[in-house]
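Examination of the molecular architecture
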Amino acid sequence: MQKILTLTCITVLTALLTSCNTDATQHSGMSLIQKSDPDPIILDEKSRDKHKLVASIKKDVAKFEELYDVAVIKGEEEILVAYKVKHMQRFHMVKIEGEINKMLEKKYPKENFIVSSDYKIFLEAVELDDKMKNPNFSNKDAKKKLEEIIKLKKELT
């Protein structure tokens, strides 16, 4: 009887401890199977008034029917645009990326874009969005994380 009680207590404690996990990757981990729709992020202090710009960029990219999720991060020099392609459109990813690049270059000629359909890049962008909600996560840390994401994107191409 005591073995059953001990086993039950361990099971309940394990369930409670794992369900209370509020790690930043919890939200980003679910982004593979569902739309996460992260807010656009602005990391450049000089561009704090650019909320309309990044919101407009996200809206314009989200208009592509082949996509179902978009993340936009504005750094000091570049704007990262990461997106997820609908499953049946994955065969056309190169064409889609070209169309998105062309549209962004035409509509926003003064901006420097880094565009990626790679899920790892999108996941990193969502994780950055999650971390930005933590008041202990500084803007300096966010800029460093964005630089790492851009470096990863360049390594993948």
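The rules behind these values
Residues numbered from 1 in each chain as written. Predicted model: local features only at pLDDT ≥ 70, side-chain atom pairs only at ≥ 80, totals over all residues. Heavy atoms only, no water. Core = buried A, V, L, I, M, F, W, Y, C linked by side-chain atoms within 4.5 Å. Buried < 20%, exposed > 50% of the residue type's maximum accessible area, 1.4 Å probe, protein only. Helix = DSSP H or I, 4+ residues; strand = E, 2+ residues; numbered from the N terminus. Contact = heavy atoms within 4.5 Å. Polar contact = N/O pair within 3.5 Å; in protein donor to acceptor, adjacent residues only side chain to side chain.

**Describing the nonpolar core**
Counting residues in each nonpolar core, the largest one holds 20 residues, and the members touching the most others are Ile57, Leu67, Val81, Ile100 and Leu104. Of all the secondary structure elements, the ones that give two or more residues to this core are helix 3 (51-62), strand 2 (67-74), strand 3 (79-85), helix 4 (93-107) and strand 4 (113-116). Contact partners of Ile57, with chain neighbours within four places excluded, come to Val72, Ile79, Val81, Leu104, Tyr108 and Phe113. In this structure, Leu43, Phe122, Val126 and Phe137 belong to the second largest nonpolar core, which totals 17 residues.

**Some points on the environment of Leu104**
Turning to its location among the elements, Leu104 is positioned in helix 4. In this structure the C-alpha to C-alpha distance between Leu104 and Val115, which are 11 residues apart in sequence, comes to 9.5 Å.

**A short note on the environment of Asp60**
With respect to the secondary-structure elements, Asp60 resides in helix 3. For the pair formed by Asp60 and Met103, sequence separation is 43 residues and the distance between their alpha carbons is 8.6 Å. Look past the residues within four positions of Asp60 in its chain and what remains in contact with it is Met103, Lys107 and Tyr108. A distance of 3.0 Å separates the side chain of Asp60 from the side chain of Lys107, its partner in a polar contact.

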